[in-house]
Amino acid sequence: MRKSTLIGVSFAISCLSLTSAKAQSDDFGIWTETNIEKKINQRLTLEGGLELRTRDDGFGELDRWSVGVGADYKLTDWLKAGVSYSLLDDHNHKVNSSGKKYSDYWGLRHRLNATLTLSHQFGDLSVSLRERWQYTYRPEKTVDRYWNYTDEDDDAVYGEPVVKSGATQTHTYNGKAKSKWRNRLQLKYKLTKQWRPYVSAESTVGGSGLDKIRYAAGTEWRVTKQHVLDLYYLYQHSYKDDDDEGNRHVLGIGYTFKF
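Remember, it's a predicted structure, so these values are computed and weren't measured experimentally. (Residues numbered from 1 in each chain as written. Predicted model: local features only at pLDDT ≥ 70, side-chain atom pairs only at ≥ 80, totals over all residues. Heavy atoms only, no water.)

Engineer: What should I look at first to understand the packing of aromatic side chains in this one?
Structural biologist: The geometry of two aromatic rings is summed up by the distance between their centres and the angle between their planes. This model, assessed by the stated rule, comprises four aromatic pairs. Between Y105 and Y173 the ring centres are 5.4 Å apart and the planes differ by 25°, which places this aromatic pair in the stacked class. A residue pair is termed long-range when its members are at least 10 positions apart, and Y105 in strand 5 (residues 101-122) and Y173 in strand 8 (residues 169-173) qualify at 68 residues. Both rings, one in W133 and one in Y135, keep their centres 6.0 Å apart while their planes meet at 25°; by these two values the pair is stacked. Across from the ring centre of W31, 3.7 Å away, lies the NZ or CZ of R53, which sits over that ring. One Lys or Arg, K94, reaches over the ring of Y173 and ends 5.8 Å from the middle of that ring. (Phe/Tyr/Trp six-rings, centres within 6.5 Å; stacked < 30°, edge-to-face > 60°. Helix = DSSP H or I, 4+ residues; strand = E, 2+ residues; numbered from the N terminus. Lys NZ or Arg CZ within 6 Å of the ring centre and 35° of its normal.)

Here it is in structure tokens:
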């Protein structure tokens with residue numbers, strides 16, 4: 001077996017072991033994405049992609065799907081600017097403060113990103129800093145809201161949600177917009193012609209301060225010039241309620257076709 005293949009297999013096994021051990025207390029998800037890139041010239045690149053995310057024990061529940069388009073423009077050898085738009089469809093599960101009323105529904109969001117990426121090469125080591133302004137708009141949506149009933153054996157513990165005739169009511173979630181600033185520092189090393197392992201840390205800051213930090217370790221596998229795979233493990237630490245996301249362990253895989 002080739003050395004490069006052994007590296008990939010070892011990385012995948014390590015991610016699975018680490019995720020299995022830590023996912024007992026935090027949520028665990030699988031993130032997958034497929035992208036296409038078209039290089040118009042030496043400076044301009046167009047891109048599009050589709051992403052699927054799961055939560056609660058990996059394949060247990062679909063969390064989100066999204067589709068997006070964007071463009072990157074290389075201003076200099078070390079500075080790149082980009083803009084993108086994404087349509088996101090999220091699976092939302094909301095419970096009120098008493099824990100008795102809940103809603104379970106899918107809701108759309110519109111997201112715009114404006115990005116500047118600074119990068120520099122130190123031999124085989126690449127260092128990049130990505131600064132991104134993110135604007136997300138969630139349209140108004142009216143949904144059915146149900147009741148949880150207390151467990152007969154212990155009134156202090158709520159049982160599984162039960163839907164009974166006449167026990168539903170509608171609730172309207174108002175339209176809401178959020179602006180956030182995301183900062184990502186990434187180190188990537190050219191190990192071989194095909195393999196480029198990397199580590200990164202990304203913070204997200206909202207209007208009231210730090211929302212979350214994501215730490216990632218992974219590797220690019222450049223199968224050919226046109227076909228690129230991305231394998232990674234990511235840990236997300238949330239400091240406050242951010243679109244109902246909490247602490248999360250993620251195993252991710254991405255595929256990009258370049259032409």
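Picking up after the structure, the text goes on.
Engineer: Help me out: how do you make sense of the nonpolar core in this one?
Structural biologist: One finds W31, Y198, A216, Y232, L234 and V250 forming the largest nonpolar core, which totals six residues. The contact partners of W31, leaving out residues within four places of it in the chain, are L52, R53, T54, R214, Y232, L234, R248, V250, L251, G252 and I253. (Core = buried A, V, L, I, M, F, W, Y, C linked by side-chain atoms within 4.5 Å. Buried < 20%, exposed > 50% of the residue type's maximum accessible area, 1.4 Å probe, protein only. Contact = heavy atoms within 4.5 Å.)

Engineer: I'm lost on the confidence of the model for the protein in this one. Help?
Structural biologist: For residues with low pLDDT, the predicted coordinates do not support detailed interpretation. Summary statistics for the protein give a mean pLDDT of 84 and a share of 78% for residues scoring 70 or more. Helix 1 (residues 3-22) is the least confidently modelled element of the protein, averaging 45 in pLDDT, while strand 6 (residues 125-138) averages 98, the highest of any element. Predicted confidence for residues 3-24 stays below pLDDT 50, and this span has 24 contacts to residues more than four positions away or in other chains. Considering only residues more than four positions removed or in separate chains, one finds that residues 150-159, a stretch of pLDDT under 50, has 13 contacts. (pLDDT = per-residue confidence, 0-100.)

Engineer: How should the environment of S86 be read in this particular structure?
Structural biologist: Examined against the element boundaries, S86 turns out to sit in strand 4 (residues 79-95). As a C-alpha pair, S86 and L112 span 26 residues in sequence and 6.6 Å in three-dimensional space. Ignoring sequence-local partners within four residues, the contact set of S86 consists of V67, G68, R109, H110 and R111.

Engineer: I tried to follow the pattern of salt bridges on my own but got confused; where do I start?
Structural biologist: Where charged atoms from two side chains of opposite charge approach closely, those side chains can pair. A full pass over the atoms with the stated rule returns twelve salt bridges. One salt bridge in this structure joins R130 and E202, with 2.9 Å as the shortest N-O distance. One end of the pair, R130, is in strand 6; the other, E202, is in strand 10 (residues 195-206), and 72 residues separate them in sequence. By relative accessible area, which is 9% here, E202 ends up buried. In this structure, the salt-bridge partner of E220 is K188, at a minimum N-O distance of 2.8 Å. (Salt bridge = Lys/Arg side-chain N within 4 Å of Asp/Glu carboxyl O.)

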